[in-house]
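# Results of the structural survey
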Amino acid sequence: MKKTSIKVFGIGGAGCNAVSFMAREETAGTTRIALNTDAQSLDACTATEKLCLGAKVTFGLGAGGDPDLGRAAAEVDLEQLRELCAGANIVFIIAGLGGGTGTGASPIVAQAAKDAGALVVGIVTTPFEFEGGRRERQAQFGLKQLKAVADAVICLPNQNVFKLIDEKTTVLNTFDVTNRLLAQGIAGISRLLAQTGLINVDFADLCSVARNLHSTSSFATAEASGQDRVAQVLEKLFAHPMLDNGELLEESDAVLVSVAGGADLTMVEVNQLMKEINSRCENAHVIFGAAIDDALANYLSVTLVASGNSRREEKPALSKINRANGSAESDAQLLDSSGPRASSRIVAPAPEMSAERKEQLLTKQSSRQKKSVSRMRQNELPLEIISKGRFEKSEPTIHRGEDLDLPTYIRRGIPLN
């Protein structure tokens, strides 16, 4: 049987650091490829293969935080990227979004991998809050572009790392925590996709959980050994910060669970594990897979990918936009279709009036004019009456007994000078 070919592309500074960390962790069964526009940083990377992107564009000096330059550098070497992707069944793209190379080049690499026939999974990070709004906006724009190409994207906000560190954790150790999470995710998902399990989970199952749900998609991996390894794994999963300490799992729409262990893995353990996970996400669609791996003798390893309810995120986002516009009442109006309709920039032509209605308006208007001190006269202008087109049969807009489709000066009998 042909072995699944898995290639991991580390793009930009953060991506290259991640693949170097993977080499230290000895993530087996993967080919690690480093891509960067910074030649000096690339030399320090311990990846299996390396490519300095767009050397003729950046001269090996980096993209300077400009995603457009990072994208242009990748486009220059598009053919080489396709060659690097050739033969791969699965391509992982690791990048830190918000800067130049990772943000701009990742969608181009993803497209090259798709052109080569590979299944593409993006695992990316977004900036810390202290890095500022510009990097965050660039990160979100790059994330949107990557999602449009990749089969699945999982996003890990760097801000969540604060849940795993304390006040004594150094900067270097902090980034090791992030890199370890990325390495664990790739190792777990690689095992899930590449190994032939007792109960198989294929790539379509992964995509059904993670595709286009980066804002609420996350993953966690946990391992334990010993007689109480099931209890240990469950405790680690439910307390995992990437799952918001279990809250995301409880609110999820879909959960994919891949269980792996040695030959000593028992059915009772699998049943106990899945019973507890199902109790935490009763309304979710749960996809389960299991595999036996001799390298995990006496160990139990669980990889869990969860996607939360995307609709739950839409309403707060809507409210946030409305508050930014200074409209405190518009939230309820937008969410309640029974309320008054919001005004539109597109104004329909005035409806045609019957002769009787015109006579009533003119009589009413004439009566008001007689009482006016100015003795102004209001005449009907010889304007062309335009059909309402597709609004011809629409119902009039009545508000507090007034027909809002009529001009205000007619409704209120205001003479025009």
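Reference entry: report on the structure contained in this document. (Residues numbered from 1 in each chain as written. Predicted model: local features only at pLDDT ≥ 70, side-chain atom pairs only at ≥ 80, totals over all residues. Heavy atoms only, no water.)

Once that is clear, we can look at the nonpolar core. Core analysis: the largest hydrophobic core is formed by 32 residues, its most contacted members being Phe9, Ile11, Leu35, Leu81 and Val124. Top contributing element to this core by residue count: helix H6 (residues 101-115), with six residues. With near-sequence residues (within four places) excluded, Leu81 lies in contact with Leu35, Leu51, Leu53, Ala74, Ile108, Val109 and Ala112. Among the nonpolar cores identified, the runner-up in size contains 29 residues, and Ala47, Ile90, Phe92 and Ile186 belong to it. (Core = buried A, V, L, I, M, F, W, Y, C linked by side-chain atoms within 4.5 Å. Buried < 20%, exposed > 50% of the residue type's maximum accessible area, 1.4 Å probe, protein only. Helix = DSSP H or I, 4+ residues; strand = E, 2+ residues; numbered from the N terminus. Contact = heavy atoms within 4.5 Å.)

In a beta sheet, neighbouring strands pair by backbone hydrogen bonds and run either parallel or antiparallel. Pairing within the open sheet is parallel, and its six strands lie in the order E3-E2-E1-E4-E5-E6. A single partner strand is all that each edge strand has here, and the edge strands are strand E3 (49-52) and strand E6 (152-157). Ignoring which end each strand starts from, the neighbouring axes of this sheet average 15 degrees apart. Sheet strands in contact with helix H7 (residues 133-149) are strand E5 (119-126) and E6, and its direction is about 170 degrees off that of E5. (Pairing = 2+ DSSP bridges. Axes fitted to C-alpha atoms, helices over the stretch in contact; angles between N-to-C directions.)

Before going further, it helps to spend a moment on unusual backbone geometry. One non-glycine residue with positive phi stands out, namely Phe59, at about 60 degrees. With respect to the helices and strands, the residue Phe59 is situated in the loop between helix H3 (55-58) and helix H4 (67-76). Within the chain, Asn298 stands out as a residue other than glycine whose phi angle is a positive 70 degrees. Tracing the sequence through the fold places Asn298 in the loop between strand E9 (285-292) and strand E10 (299-308).

With that settled, consider the pairing of E5. Judged by how many residues are buried, E5 sits mostly within the fold: seven of eight residues are covered. As defined by bridge partners, strand E4 (residues 90-96) adjoins E5 across seven bridges and the pair is classed as parallel. Each residue of the ladder has a partner; that of Ile93, found in E5, is Gly122. Handedness of the crossover joining E4 and E5 through H6 is recorded here as right-handed. Across six bridges, E5 lies against E6 in parallel orientation. What sits directly across from Val121, in E6, is Ala152. Assessed by its sense of winding, the connection that carries the chain from E5 through H7 to E6 is right-handed. (Right-handed = clockwise from strand over helix to strand, strands pointing away.)

All right, on to helix H5 (residues 78-85) then. Those residues of H5 lying buried are Leu81, Leu84 and Cys85. End-on, the buried residues of H5 take up no more than an arc of 95 degrees, which puts them together on one face. Exposed side chains of H5 directed beyond 90 degrees from the buried face belong to Glu79 and Glu83. Of the surrounding elements, those touching the buried residues of H5 are strand E1 (6-11), strand E2 (30-36), E3, H4 and H6. Count one or two residues on from H5 and you reach Gly87, which has phi positive near 85 degrees. (Arc of directions from axis to C-beta.)

With that settled, the discussion passes to the pattern of salt bridges. Applying the stated rule across the entire model yields seven salt bridges. Between Glu75 and Arg71 there is a salt bridge, with the nearest N and O atoms lying 3.3 Å from each other. On the criterion of helical spacing, the pair formed by Glu75 and Arg71 is a turn pair, its members being four residues apart in helix H4. Judged by its relative accessible area of 41%, Glu75 falls in the partly exposed class. (Salt bridge = Lys/Arg side-chain N within 4 Å of Asp/Glu carboxyl O.)

This part covers the pairing of E4. Burial within E4 is extensive, with seven of its seven residues counted as buried. Of the two faces of E4, the one carrying Ile90, Phe92, Ile94 and Gly96 and the one carrying Val91, Ile93 and Ala95 are both buried. As paired strands, E1 and E4 are joined by six bridges and run parallel to one another. Looking at E4, one finds that Val8 is bridged to Phe92.

Closest axis-to-axis distance for the helix H10 (residues 229-238)/helix H12 (residues 267-280) pair is 10 Å, and the angle between their directions is 25 degrees. Judged by the angle between their axes, H10 and H12 are roughly parallel. At the point where H10 passes H12, the crossing takes the right-handed sense. Residues Arg229, Val230, Val233, Leu234, Leu237 and Phe238 of H10 touch H12, and the partners they reach there are Glu269, Gln272, Leu273, Glu276, Ile277 and Arg280. (Parallel < 35°, antiparallel > 145°, perpendicular 65-115°, else oblique. Left-handed = near helix turned anticlockwise from the far one by under 90°.)

The next thing to look at is the packing of aromatic side chains. Applying the stated rule across the entire model yields three aromatic pairs. Relative to Phe162, the ring of Phe128 lies with its centre 5.8 Å away and its plane at 75 degrees, an arrangement referred to as edge-to-face. Placement of Phe128 in the loop between E5 and H7 and of Phe162 in the loop between E6 and helix H8 (171-194) is noted, with a sequence separation of 34 residues between them. Relative accessible area serves as the criterion here: at 7%, Phe128 is assigned to the buried category. With 6.2 Å between their ring centres and 90 degrees between their planes, Phe128 and Phe175 make a pair best called edge-to-face. With Phe128 in the loop between E5 and H7 and Phe175 in helix H8, this pair connects stretches of sequence that are 47 residues apart. Phe175 gets classed as partly exposed once you look at its relative accessible area, which sits at 42%. The rings of Phe128, Phe130, Phe162 and Phe175 are connected pair by pair, giving a single aromatic cluster. (Phe/Tyr/Trp six-rings, centres within 6.5 Å; stacked < 30°, edge-to-face > 60°.)

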